[in-house]
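Chain by chain, the residues run as shown.
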Amino acid sequence: MKKDHRPYWLKRLYILFQKYYTNRYVRPQFDAMGRGGAYMKPWHLELFGGPIRIGSYPTVIAAPDRKVRLTVWSADPDVKGITIGDYCLVCPGVRILAASEITIGESCMIASGAYITDSDWHGIYDRSLPIGKTCPVILEENVWVGDSAIICKGVRIGKNSIIGAGAVVASDIPENAIAVGNPARVIKYLDADTKFRTRGEWLSNPGKLAREFEIIDRDQLRGNSVLGWVRSLFFPRQGD
C-alpha cells in the first residue's frame, strides 16, 4: 500500500469532512439511517429512489472508479425497497437494485463489484416491458458475498454462508455453507460448532475501537509534515 504522508491533524480533518458530508448530503437520501459508521468517500455513494434504509455502524467504501449504487425502481407505492442491517460492510463497486424487496442482515460483508438484484428488469418475451418478474432477496446474518458475485432474484442465503468470488447465485443457499461457481453450488459446510466472530461483535464498542484506531494513526503518521505530504504528491519517490 502507498504510505500515508499526511500529518495526523490533516487526516483527522479529512475524516471529519467525510462525516460532515455524510450527515449533510447522504443522510437525507436514506429513508432511515442508523448511528455512526464509516462512509469513505461518501460523495461516490449514489442512491436512486426508495425506500432505502441502512442500520448503525456500517462501513461503506466508495471510489471514483467504483461507485456504490443503491437503487429502488418500482411502480408499487408500497414497495419495501432495500434494507441493510447493522454493522454491514459494503465495498467499492457494489450495486444493489430492488424492484420489490432486498433485505441484508446484520454483519453481512459485500465485497467489491458484487451485484444483488430482485428483478429481471425486462420482460422475458416482451423486452419492452420494464422491471419484469421480481422476487425478494434475503441475506441472513453474517453472510459474506465474494468479489464480483451476482445474487439473483428470489434467493435466500442462510446465515454465516460464504459466496465465492464470481459466483452466480440463482437458488437458495443454506446456512453455514460455502457456494461457488455459475450457477453457484454448495461445495463445503462450515463447522457450526466453531464460534463465529461477527462484525457486530467487533464493532460492539465503537468508541473504544475509534480510540484504538486513533492511537494507530498517531503512531503511523508521527513525523509527517505538510511539505513531505505535498512532495509525495508531486515528486513521488521509490518507497512512497
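What counts, and at which threshold
Residues numbered from 1 in each chain as written. Predicted model: local features only at pLDDT ≥ 70, side-chain atom pairs only at ≥ 80, totals over all residues. Heavy atoms only, no water. Helix = DSSP H or I, 4+ residues; strand = E, 2+ residues; numbered from the N terminus. Buried < 20%, exposed > 50% of the residue type's maximum accessible area, 1.4 Å probe, protein only. Expected span 1.5 Å × (residues − 1). Contact = heavy atoms within 4.5 Å. Salt bridge = Lys/Arg side-chain N within 4 Å of Asp/Glu carboxyl O. Axes fitted to C-alpha atoms, helices over the stretch in contact; angles between N-to-C directions. Parallel < 35°, antiparallel > 145°, perpendicular 65-115°, else oblique. Nonpolar A, V, L, I, M, F, W, Y, C, P; charged D, E, K, R; others polar. Pairing = 2+ DSSP bridges.

Engineer: What exactly am I supposed to notice about the environment of Pro206 here?
Structural biologist: With respect to the helices and strands, Pro206 occurs in helix α3 (residues 206–220). Assessed through its relative accessible area of 26%, Pro206 is described here as partly exposed. Separated by 169 residues in sequence, Pro206 and Gly37 place their C-alpha atoms 8.6 Å apart.

Engineer: I keep staring at helix α1 (residues 8–26) and nothing clicks. Help me out?
Structural biologist: Residues three or four positions apart in an α-helix share a direction because the helix packs 3.6 residues into each turn. Spanning 19 residues, α1 covers 26 Å between terminal C-alpha atoms, matching the ideal 27 Å at 1.5 Å per step. Of the residues making up α1, those classed as buried are Tyr8, Leu10, Lys11, Gln18, Thr22 and Val26. Elements in contact with the buried residues of α1: β1 (32–33), β2 (38–40), β3 (45–48), α3 and α4 (226–234).

Engineer: Any chance you could explain the pattern of salt bridges here in plain terms?
Structural biologist: It is possible for side chains of opposite charge to pair when their charged atoms get near one another. On inspection of all chains with the given rule, the structure shows ten salt bridges. The salt bridge involving Glu214 is made with Arg218; its shortest N-O contact spans 3.5 Å. Within this pair, Glu214 and its partner Arg218 are both found in helix α3, separated by four residues, close to a single helical turn. Take Arg218: its relative accessible area is 44%, and that puts it in the partly exposed class. The shortest N-O distance in the salt bridge between Arg222 and Asp219 comes to 3.0 Å. Looking at Asp219, the relative accessible area reads 42%, which means it is partly exposed.

Engineer: Is there a simple way to explain the packing of α1 against α3 in this structure?
Structural biologist: Working note: a packed helix pair is described by the angle between its axes plus the distance between those axes. At a closest axis distance of 9 Å, the pairing of α1 and α3 adopts a crossing angle of 140 degrees. One finds that α1 runs oblique with respect to α3. Note on element contacts: α3 touches α1 through Glu214, Asp217 and Arg218, opposite Tyr8, Lys11 and Arg12. In terms of residue class, the contact of α1 with α3 is made up of one nonpolar, no polar and five charged.

Engineer: Is there a simple way to explain the sheet that holds strand β18 (residues 156–157) in this structure?
Structural biologist: The pairing of strands in a sheet happens through backbone hydrogen bonds and is either parallel or antiparallel. Strand order in the open sheet made by the six strands is β1-β4-β7-β10-β15-β18, with parallel pairing throughout. Of all the strands in the sheet, the pair left with one neighbour each is β1 and β18. Looking at chain direction, strand β7 (residues 81–84) and strand β10 (residues 101–104) are connected through four bridges and run parallel. Its bridge partner being in β10, Thr83 is matched across the sheet by Thr103.

Engineer: Teacher, can you tell me more about unusual backbone geometry here?
Structural biologist: Excluding glycine, most residues fall at negative phi; most peptide bonds, likewise, are trans. In the segment running from Gly50 into Pro51, the intervening peptide bond is cis, with an omega of 5 degrees. Counting through the fold element by element, Pro51 comes out in the loop between β3 and β4 (52–54). The amide bond that connects Asn182 to the next residue, Pro183, takes the cis arrangement and shows omega of -5 degrees. With respect to the helices and strands, Pro183 occurs in the loop between β21 (177–180) and β22 (185–189). Of note, the phi angle at Tyr57 is positive, near 55 degrees, even though the residue is not glycine. Examined against the element boundaries, Tyr57 turns out to sit in the loop between β4 and β5 (59–61).

These figures come from the coordinates and say nothing about function on their own.
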